[in-house]
Amino acid sequence: GVRLLLHGLCSNTTVKSLDLKGNNLRSMGAEALGKLLRQNKSIRSLTLEWNSLGMWEEGFSFFCQGLRANNFLQRLDLRNNQINHQGAGELAMALTQNTSLQELDLRWNNIGILGGRALLNCLHSNKTLKRLELAGNNVPGDILKAVEQALDHNQDREVILSEAQNQVNILSKEVLSLKDEKNKQFMDFVDTIDKQKEERARSEKMSAARVSQLQEALHEQHSIMNSLKTKLQMTEAALALSEQKVHNLGELLNAMKQEQKCVAECHFRELQQQKQEGADREGRLLQDLSAASEKNLLLRNQVDELERKCKVQQDQLFQVKQDLTNTTAELKLRAVEAEERLEMEKRRFKQSLEDMESLRIKEVGRVTQHMEASERSMHNRIQSLEAIRISLEEELSQVKAAALTERGQAEEELIKVRSQARLEEQQRLERLEEKLRLMTESRDEAQNCCLKQKEMVAEAQAKAKQLSLYADGLRRRLDELQQDLDSKEEEKVTELNKVKVELQEQIGHLEAERAAQDGLREKIAALERQLKALSSNHREALLDKESEISVLQEKLRMKEAEIFRMREEEAQRASFLQNAIMAYVQGSPLGTHSSRK
């Protein structure tokens with residue numbers, strides 16, 4: 001019946017305690033119990049009192065093999081089972097490999113000295129057994145004390161292990177909390193980096209807008225300069241026309257002089273002919289000559305006046321030319337100075353951009369260094385921070401490429417504007433050529449042109465005044481542009497200061513995070529020190545107890561040697577007494593009488 005019951009319990013998973021006290025279990029029952037202990041994983045307590053299992057050696061050895069393979073049973077009661085020293089040895093062999101049994105009751109059996117020693121020796125390898133009852137087994141007291149010491153050592157070891165486990169759990173919880181805090185800090189840091197990226201993108205957009213504004217201002221200045229150049233060309237063309245008119249007037253004067261010479265020669269010939277013809281006509285001729293001389297004088301006076309007027313006009317034209325050359329030279333110098341200033345501002349802007357890029361690169365390098373220092377302590381964050389650094393470098397390269405493309409576009413636009421200005425200048429030249437053709441056609445109207453020349457000179461003077469006024473306006477405009485450029489430079493300096501302040505704040509945040517990480521490292525180091533101290537204390541306690549156990553073992557050996565000597569002496573005394581009694585009995589008359597009988 002027990003065999004069937006135990007066979008059914010092999011696959012059971014709900015029974016925790018089994019009591020088979022006083023059921024007269026024999027070898028078949030012991031074998032069934034061994035099979036149960038091998039297969040069942042739920043029973044924690046087993047009571048087998050008053051069953052005489054020790055009488056059946058084969059069955060009890062099978063039971064011990066099952067106990068050796070079981071790792072779930074915690075309490076075993078084997079009282080009054082007639083277990084001898086051989087059964088105790090098998091139990092000791094089973095206990096050397098069992099890691100779950102905590103209580104074992106072996107009272108009122110026949111274990112003896114050898115069984116007690118076997119159980120004491122198994123306790124050196126078994127560290128889970130806390131309670132072992134050996135009363136009523138003819139076991140010496142020193143062995144019982146040694147067993148109690150070994151059990152106390154196991155209990156202390158379990159208490160220390162439990163405390164160490166609790167401390168390890170506490171430390172693991174603290175480490176998890178620290179990891180959570182570090183993850184939160186890392187997420188905050190990532191958020192700050194994203195915000196910085198957005199701010200940088202905004203600043204880059206603002207700088208691009210400002211660059212576009214500066215380029216528009218430059219385009220306006222170029223257009224103004226082109227208009228000035230065109231106006232100068234117009235004035236030069238007008239001056240060339242006036243010079244051509246003066247040249248035409250000189251040619252006309254030479255022709256008039258030649259005509260006067262021819263007329264004087266004709267008159268002289270006529271006078272000679274009249275002298276040869278007769279004296280009658282001399283008076284008339286003299287009168288005619290006087291009249292002709294007066295006319296010649298008047299003509300000469302007119303010619304002199306015309307020459308003086310031409311000289312005055314030439315002087316005025318020369319002065320106008322000088323004034324125009326001076327104004328053109330001044331305008332060219334101012335244009336060159338404006339271009340140089342623009343180039344200097346471009347260079348300054350490029351240098352400021354390069355400084356900003358170098359500062360950003362240096363700051364990125366510093367940030368990466370700080371991050372690498374923090375990442376060495378946290379291996380899981382190295383790859384993410386390196387990916388962030390690579391993405392930042394890629395974004396910087398993209399920004400640089402965008403800036404280069406924008407510059408190329410601006411240069412292309414400048415080239416287009418220049419080509420358009422050149423086309424306009426060519427068109428204006430063609431128009432001027434047409435005007436010159438018209439002026440060549442109007443050479444026949446030289447007298448009217450002479451009258452109009454004065455008006456043109458007056459108009460040229462008025463235009464020169466207008467050009468001087470326009471040049472003053474251009475100067476004012478250049479001063480205003482310079483002031484705008486100075487204000488823009490001041491804004492750039494303020495932006496640079498703001499960026500520096502923001503970078504310093506970021507560096508401060510990074511240093512604070514680094515200090516927090518250092519504090520966390522110090523906490524971890526302190527916890528590790530505590531663990532090391534606990535482990536060292538535990539090792540020292542184990543070494544002390546092992547030394548105590550070795551001392552107790554030496555004492556046991558000494559006592560066993562003394563007991564062995566006492567037994568030998570008692571055996572010798574008993575043998576001497578037996579010999580003496582035998583000799584006495586053989587020598588006495590009773591001995592002889594008994595031998596005869």
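Predicted model, so just to flag it, every value in this text is computed and none were measured.

**Some remarks on helix 4 (residues 85-97)**
The terminal C-alpha atoms of helix 4, which comprises 13 residues, lie 19 Å apart, in line with the 18 Å expected from a rise of 1.5 Å per residue. Every buried residue belonging to helix 4 is among Gly-87, Ala-88, Leu-91, Ala-92, Ala-94 and Leu-95, and all of these are buried. Projected down its long axis, helix 4 shows its buried positions confined to an angular sector of 165 degrees, all on one face. Next to the buried residues of helix 4 lie helix 3 (57-69), strand 4 (103-105) and helix 5 (112-122).

**Quick look at the pattern of salt bridges**
Under the defined criterion, the tally for this structure stands at 10 salt bridges. Asp-105 is the partner of Arg-79 in a salt bridge, and the nearest nitrogen-oxygen pair spans 3.4 Å. One end of the pair, Arg-79, is in the loop between strand 3 (75-77) and helix 4; the other, Asp-105, is in strand 4, and 26 residues separate them in sequence. Connected through shared salt-bridge partners, Glu-49, Asp-77, Arg-79, Asp-105 and Arg-107 make up one network.

**As for the UniProt feature "coiled-coil region" (unreviewed entry) in the chain**
As annotated in UniProt, the feature "coiled-coil region" (unreviewed entry) corresponds to residues 225-259 and 289-569 in the numbering used here. Taken end to end, residues 225-259 comprises 100% helix and 0% strand; its first and last C-alpha atoms sit 51 Å apart.

**A few points about the environment of Gln-398**
Mapping Gln-398 onto the fold places it in helix 8 (residues 382-441). Given the relative accessible area of 54%, Gln-398 is considered exposed. Taking the C-alpha atoms as reference, Gln-398 lies 48 Å from Leu-469; in sequence the two are 71 residues apart.

**With respect to the confidence of the model for the chain**
Of the residues in the chain, 92% reach a pLDDT of 70 or more, and the chain-wide mean stands at 81. Predicted confidence is poor over residues 590-597, with pLDDT under 50, and the contacts of this stretch with residues over four places away or in other chains come to 2 contacts.

**Considering the state of the cysteines**
Taken as a whole and judged by the stated rule, the model has 0 disulfides. No disulfide involves Cys-10; its nearest neighbouring cysteine sulfur is the one of Cys-64, lying 17 Å away. Residue classification places Cys-10 among the buried residues on the basis of a relative accessible area of 10%. Not engaged in a disulfide, the cysteine Cys-64 finds its nearest cysteine sulfur in Cys-122; these two sulfurs lie 11 Å apart. A relative accessible area of 2% means that Cys-64 is categorised as buried.

**Overview of helix 5**
Along helix 5, the positions that sit buried rather than exposed are Gly-112, Gly-115, Gly-116, Leu-119, Leu-120 and Cys-122. Seen along its axis, helix 5 keeps its buried residues to an arc of 160 degrees; they face one direction. Of the exposed residues in helix 5, those oriented more than 90 degrees away from the buried face are Leu-114 and Asn-121.

**Some points on a nonpolar patch on the surface**
A surface patch of nonpolar side chains, about 440 Å² in accessible area, is lined by Leu-577, Ile-581, Tyr-584 and Val-585. In this structure, Tyr-584 sits in helix 9 (residues 446-587). Judged by relative accessible area, which is 65%, Tyr-584 ranks as exposed.

Calculation criteria
Residues numbered from 1 in each chain as written. Predicted model: local features only at pLDDT ≥ 70, side-chain atom pairs only at ≥ 80, totals over all residues. Heavy atoms only, no water. Helix = DSSP H or I, 4+ residues; strand = E, 2+ residues; numbered from the N terminus. Expected span 1.5 Å × (residues − 1). Buried < 20%, exposed > 50% of the residue type's maximum accessible area, 1.4 Å probe, protein only. Arc of directions from axis to C-beta. Contact = heavy atoms within 4.5 Å. Salt bridge = Lys/Arg side-chain N within 4 Å of Asp/Glu carboxyl O. UniProt positions renumbered as here; feature names shortened; annotations may be inferred. pLDDT = per-residue confidence, 0-100. Disulfide = S-S within 2.5 Å. Patch = residues over 30% accessible without salt bridge, like charges linked within 9 Å, V, L, I, M, F, W, Y side chains within 5 Å. Areas by Shrake-Rupley, 256 points an atom, 1.4 Å probe, with all protein chains shown as cover.

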